[in-house]
Structures are given as structure tokens and as C-alpha cells.
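Read off the chains here:
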Amino acid sequence: MSEETETKPFKFVTAGFDARFPNQNQTKHCWQNYVDYHKCVNAKGEDFAPCKQFYRAYRSLCPNAWVERWDTQVEKGTFPHKLD
Amino acid sequence: MEGLVELHDNIMFYLVLILFGVAIILILIAFPSFKLLYLMDEVNDPAMSVLYSDFLNDDNENIEFDSYMIGEDDLEEGSLRMLEVDNRLVIPELTHVRFVITSADVIHAFASPSLGIKCDAYPGRLNQVSVLINREGVFYGQCSEICGILHSSMPIVIQSVSLEKFIAWLAEQQ
Ligand SMILES: [Cu+2]
């Protein structure tokens, strides 16, 4: 560790407290953010920055396996919720 | 003044007075207790989430790893039989951490008695518990819901480290 190491300031970010989901069960919290992200992207486009908020929330709450499964469902158009 | 004097032998007056007085005192003590009660289990502003065994760093990338028990033959001297794992779950001390617990097959339970957490893991459901560890240390736990023949072989090891060490660990994982 003799080399000079550069430390960037950073902040831990994760999905915060959501008054809609005060429960121990956070399943719907994850799901709702996934749906909201896709709704947001469909309405405002991929580059719309505020959509990132939903993305971050579902990425930190949902298991990767769930996200993968939902992604394939969205691609195939079999996702069981309206995304527009 | 005349009216008040008459009330002196009125039982109803005292009854109402005392009932309201007691009610007001009860309401006043209820507020702080409710506040405490809600503060206790509310995850207000966690700094990070640990998803059973994977979590998210500040670059928006998931860190994913398995944590399996070390078999009896591979144990190092002094380490605990049936408790030691190959990849410990490392979290920073003095940081509000949320565990999101789920299962892929049957019901298990994520538990660590010394952290005071025990939470069932159900397939298809995400349970949340929050933890704030005040010091560095290693905290052991075991699956606490009988789940199959290997129920005894799924220990949990949580290691709390300083923030610098945690960041170094994060960098190592990528
Ligand atoms: Cu188990």
C-alpha cells in the first residue's frame, strides 16, 4: 500500500423508507419499483434521469433471479401488468 | 363563585373531572411510547441493502456471492465446526443496513442471535430486517427453520468491519 491511492468521495445509496410499504414484507416494494421504472421508461424514454430512482430501488430490493425472469417476460410481452 | 361552591358536593362533577384528568395524562404518556414503538421497527434511512447474500454498491452493480459451510476436513485449527463459511457476509460497522431475506426453494430462516435478528425466508416473498452494528466483530447464526437433511449445514457468518476495510473488500469483489 505504498502507492498513492485516490479516494473519491462517495455515498451509499439504497432504496429508502417508503410510506406505502412500512411492513416487514417488502415484496410489493420491489415489484412496484420495477413496474414504475418500466412505466417511467415507456413514458419518458430511457435517458430520463428521474427514472433511475426506480431502477436503483428495484435493483437493491429485488433478487437478481426475479429481475431476470421479469425482464424476459417484459421482452416477450407476457409480464402480468400493464407497463404503459 | 357561587356556582363553583355548589359543585363541591356534586359527585358527577368530580367523576368527570377525574376521568378527564386521567385521560389527559394517559394521552400525554402515549405519545412518547408510540414514537418509540414506531422508531423501533421502522427502516427509516438505511445506507445499504443486503439481499440475503447479494448487494449493491455505489456504482449500481450487484455484488453476488455464495456462502457455503466449510466441511470438517477443511477446517483450520481453532475455527468453529459447522459454523465457519467460505465467504463471510461483510458489512460496515456503524451503518444502517437492511437485510432483504428470501428463499429459492423451501422455508429457511436467517438468524443471528447476537444481533437479535431472526427472520423467516420464504420463496416468493421478501422480508426485511434492519441492523446497526456498533463495533467490529464476527457474528454467527444458523438456518432456524427446519428445511431438509442439510438444515444443520447452512450457517450464517456476518462480519462487521470498519468502513475502510469494507470499501477495500468491495473493491476486491469486483
Ligand atoms: Cu435452511
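Below, the structure is looked at part by part.

What counts and what doesn't
Residues numbered from 1 in each chain as written. Chains lettered and ligands numbered in written order. Predicted model: local features only at pLDDT ≥ 70, side-chain atom pairs only at ≥ 80, totals over all residues. Heavy atoms only, no water. Helix = DSSP H or I, 4+ residues; strand = E, 2+ residues; numbered from the N terminus. Buried < 20%, exposed > 50% of the residue type's maximum accessible area, 1.4 Å probe, protein only. Contact = heavy atoms within 4.5 Å. Areas by Shrake-Rupley, 256 points an atom, 1.4 Å probe, with all protein chains shown as cover. Salt bridge = Lys/Arg side-chain N within 4 Å of Asp/Glu carboxyl O. Donors = N, O, S within 2.8 Å, 3.2 Å for Na, K, Ca; no water. Tetrahedral: all angles 85-135°; square planar, octahedral: opposite > 155°, others 65-115°. Phe/Tyr/Trp six-rings, centres within 6.5 Å; stacked < 30°, edge-to-face > 60°. Disulfide = S-S within 2.5 Å.

## A closer look at the overall build of chain A
- Helices and strands together make up the secondary structure of chain A, namely three helices and zero strands.
- Secondary structure of chain A in N-to-C order comes out as α-α-α.
- Within chain A, the proportion of its 84 residues that are buried is 42%.
- When contacts within chain A are restricted to residue pairs at least 6 apart in sequence, long-range pairs at least 24 apart make up 58% of them.
- For chain A, the computed accessible surface area is about 5800 Å², with 49% contributed by carbon and sulfur atoms.

## Concerning the pattern of salt bridges
Residue and element names in this part refer to chain B.
- Applying the stated rule across the entire model yields four salt bridges over all chains.
- The shortest N-O distance in the salt bridge between E84 and R88 comes to 2.8 Å.
- On the basis of relative accessibility, which here comes to 26%, the residue R88 falls in the partly exposed class.

## Details of the coordination of the copper ion
Residues and elements named next belong to chain B.
- Coordination of the copper ion by the protein is provided by H108 (ND1), C143 (SG), C147 (SG) and M154 (SD), with metal-donor distances spanning 1.9 to 2.5 Å.
- What the four donor atoms of the copper ion show is an angle range of 99 to 125° at the metal, which sorts the shape as tetrahedral.
- Within one chain, the residues serving as donors to the copper ion are arranged as H-x34-C-x3-C-x6-M. Within this pair, whereas C143 is found in the loop between β9 (137–142) and β10 (155–161), its partner M154 is found in the loop between β9 and β10, the two being separated by eleven residues in sequence.
- Judged by relative accessible area, C143 falls into the buried class, the value being 6%.
- Under the relative-accessibility criterion, M154 is labelled partly exposed at 23%.

## Topic: the packing of aromatic side chains
All names here are of chain A.
- All chains considered together, the criterion is met by 13 aromatic pairs over all chains.
- Seen from their ring centres, W31 and W70 are 5.5 Å apart, and the 80° between their planes marks the pair as edge-to-face. Taken together, the residues W31 in helix α1 (residues 27–44) and W70 in helix α3 (residues 64–76) connect sequence positions 39 residues apart. Like W31, the residue W70 is buried in the burial classification.

## Focus on the state of the cysteines
All names here are of chain A.
- Throughout the structure, instances matching the rule amount to two disulfides over all chains.
- A sulfur-sulfur distance of 2.1 Å marks the disulfide that ties C30 to C62. Sign of the S-S torsion, about 115° for the bond between C30 and C62, identifies this disulfide as right-handed. A residue pair is termed long-range when its members are at least 10 positions apart, and C30 in helix α1 and C62 in the loop between α2 (51–61) and α3 qualify at 32 residues.
- A relative accessible area of 0% means that C30 is categorised as buried.
- Judged by its relative accessible area of 1%, C62 falls in the buried class.
- Bridging C40 to C51, the disulfide has an S-S length of 1.9 Å. For the disulfide bridge between C40 and C51, the dihedral angle about the S-S bond is near -85°, and by the sign convention the bridge is left-handed. Taken together, the residues C40 in helix α1 and C51 in helix α2 connect sequence positions eleven residues apart.

Keep in mind these numbers describe shape, not what the thing actually does.
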